[in-house]
Amino acid sequence: AFLFCLIHVRRIVREKRMIPLLKAVGLTALLCAFQLAPLLTYSLQGIGAAELASDVSYSALAPAQLFALGSGNTLAPRNIHLTRFSTEIGLPLLAGAALALYGLTAQKDHGLKAYTAGLLLAGGVCFSIAATELFPWSYLSVLTGGLTDYIQFSWRLLMMTVVLLSLAGGYGLTRFAGSRPDAAAMLALCVAALCTMPTLSREMRFDEYIAFGEGDNTAYTYREYTIPGSDVERTTERTVLMDGAVRMENYVKEGTTVTASVVAEGDATLTFPLFGFDGYAAEVEGREMAVGLGENNRLTVHLPAGTEGTLRIWFAGKGYWRFFDAVSLAALAGLAGRRIWKMQKRRKRQVSAAH
């Protein structure tokens, strides 16, 4: 977005679009505040930051993968795991790009729409090349001091390919359809659905996706999803460690919520099979218990001597997150209210004009 603004900075200034752009950015930030607050909380605590960077060139696609109508099992990229999921551009987008080229070559008078479609098409091609081994990721990493390594996977750039080629293909479709662009658009959607359905079905039946949540959380084997210093090889431990004179019965763990009956004859500390991310809370019969980090960053709960009753542990989040939840909700309500107000205002003008 910043790059596009930089390219068109003269038009932005000349046509006085800066204020509307700032409004759009501000509104987007308000609507997303409920998600940005937790993200920034954990980012500032170092979760993900230290382990996020990786060699982008290792995840670069073999160029032929872009055009493989399937998972590309016969191909041999540097990272063989890339053949296990779909990384191709896809027939609908390729057809759209062809139609865009047709529209550009068939039109003699190239106006603003054709110029924009050409830029979109060129951008889609550039991002596609950047996702492959043809792009000099290693050199770019050296030139940027490793900043490009935070992309992690070059195939993520295909997200931009999808956006740009979709828009360019829309231009080509309208040029090809002539007087019935609506019918052509409906046909294109049907063809796209037919082309992508086998891929989506195969992805949804992927064994690891089906098993996810039924056993160990495989995502925690990646260090960027854990508290810094965690031993990812020991994430399968399910035991509760008890330190001190304490008895525990009726232990139940459902996801990130734990309940148990406890009796602490002396000060005691319980260590549970939960990563102690900031935001957990614990109480016994309504009385708040202190939580902390134990061995391998597992969640600990300190029970003072004489504590007896039902212990409950749950992820409560941070109190100030509720404020940002309210900010996003208010922004959404304000946006909807403004839309309704404008519709009513337009309806009143139409009634007045009719009389």
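The structure we're discussing is the one just above.
Computed from a prediction, not measured in an experiment: that's the story for all the values here.

About the criteria used
Residues numbered from 1 in each chain as written. Predicted model: local features only at pLDDT ≥ 70, side-chain atom pairs only at ≥ 80, totals over all residues. Heavy atoms only, no water. Salt bridge = Lys/Arg side-chain N within 4 Å of Asp/Glu carboxyl O. Helix = DSSP H or I, 4+ residues; strand = E, 2+ residues; numbered from the N terminus. Buried < 20%, exposed > 50% of the residue type's maximum accessible area, 1.4 Å probe, protein only. Phe/Tyr/Trp six-rings, centres within 6.5 Å; stacked < 30°, edge-to-face > 60°. Axes fitted to C-alpha atoms, helices over the stretch in contact; angles between N-to-C directions. Parallel < 35°, antiparallel > 145°, perpendicular 65-115°, else oblique. Contact = heavy atoms within 4.5 Å. Nonpolar A, V, L, I, M, F, W, Y, C, P; charged D, E, K, R; others polar. Polar contact = N/O pair within 3.5 Å; in protein donor to acceptor, adjacent residues only side chain to side chain. Expected span 1.5 Å × (residues − 1).

S.K.: How do you make sense of the pattern of salt bridges when you look at a structure like this?
M.R.: Pairs may arise between side chains of opposite charge once their charged atoms sit close together. Throughout the structure, instances matching the rule amount to six salt bridges. Two residues, Arg 11 and Glu 15, come together in a salt bridge whose shortest N-O distance is 3.5 Å. Note that Asp 278 is salt-bridged to Lys 318, the shortest N-O span being 3.1 Å. Within this pair, whereas Asp 278 is found in the loop between strand E2 (257-275) and strand E3 (280-284), its partner Lys 318 is found in the loop between strand E6 (308-315) and helix H12 (319-354), the two being separated by 40 residues in sequence. Assessed through its relative accessible area of 29%, Asp 278 is described here as partly exposed. Among the charged side chains, a network of salt bridges with common partners joins Arg 11, Glu 15 and Arg 17.

S.K.: Honestly, unusual backbone geometry in this entry has me stumped. Any pointers?
M.R.: What is expected of a backbone is that most residues other than glycine have negative phi and most peptide bonds are trans. Phi is positive for Lys 16, which is not a glycine, with a value near 55 degrees. Among the secondary structure elements, Lys 16 is positioned in the loop between helix H2 (9-14) and helix H3 (18-31). The backbone of Asn 297 sits at a positive phi, close to 60 degrees, despite the residue not being glycine. Secondary-structure assignment places Asn 297 in the loop between strand E4 (287-293) and strand E5 (298-303).

S.K.: Hey, could you run me through the packing of aromatic side chains in this one?
M.R.: Two aromatic rings, taken as a pair, are described by how far apart their centres are and by the angle between their planes. Here the structure, examined in full by the defined rule, presents ten aromatic pairs. With a centroid separation of 6.3 Å and an interplanar angle of 45 degrees, the aromatic rings of Phe 315 and Trp 321 are classed as tilted. Given a relative accessible area of 6%, Trp 321 falls into the buried group. Clustering of aromatic rings is evident, with ring pairs tying together Tyr 42, Phe 275, Phe 277, Tyr 280, Phe 315 and Trp 321.

S.K.: Honestly, the packing of H3 against H12 in this entry has me stumped. Any pointers?
M.R.: When two helices pack together, their arrangement is given by the angle between the helix axes and the distance between those axes. The N-to-C vectors of H3 and H12 enclose an angle of 125 degrees; their axes lie 7 Å apart at closest approach. Of the possible angle classes, the one that applies to H3 and H12 is oblique. For the pair H3 and H12, the contacting residues are Leu 27, Leu 30 and Leu 31 in the first and Val 327, Ser 328, Ala 331, Leu 332 and Leu 335 in the second. Across the contact of H3 with H12, the residue classes tally to seven nonpolar, one polar and no charged.

S.K.: So what exactly am I meant to see when it comes to the environment of Thr 144 here?
M.R.: As for its position among the elements, Thr 144 is in the loop between helix H8 (137-143) and helix H9 (158-177). Linking Thr 144 and Thr 161, residues 17 residues apart in sequence, is a C-alpha distance of 23 Å. A distance of 3.4 Å separates a polar atom in the side chain of Thr 144 from the backbone oxygen of Ser 141.

S.K.: Before we go on, may I ask you to explain helix H6 (residues 91-106) in this structure?
M.R.: Under the 1.5 Å per step criterion, the end-to-end length of H6 is 22 Å for 16 residues, consistent within 8% with the ideal 22 Å. Contacts made by the buried residues of H6 are with helix H7 (112-130) and H9.

S.K.: Help me understand the side chain of Ser 328, please; the structure alone is not making it clear to me.
M.R.: Within the secondary structure, Ser 328 sits in helix H12. Ser 328 has contacts with Leu 30, Leu 31, Cys 32, Ala 33 and Phe 34, leaving out every residue within four places of it along the chain.

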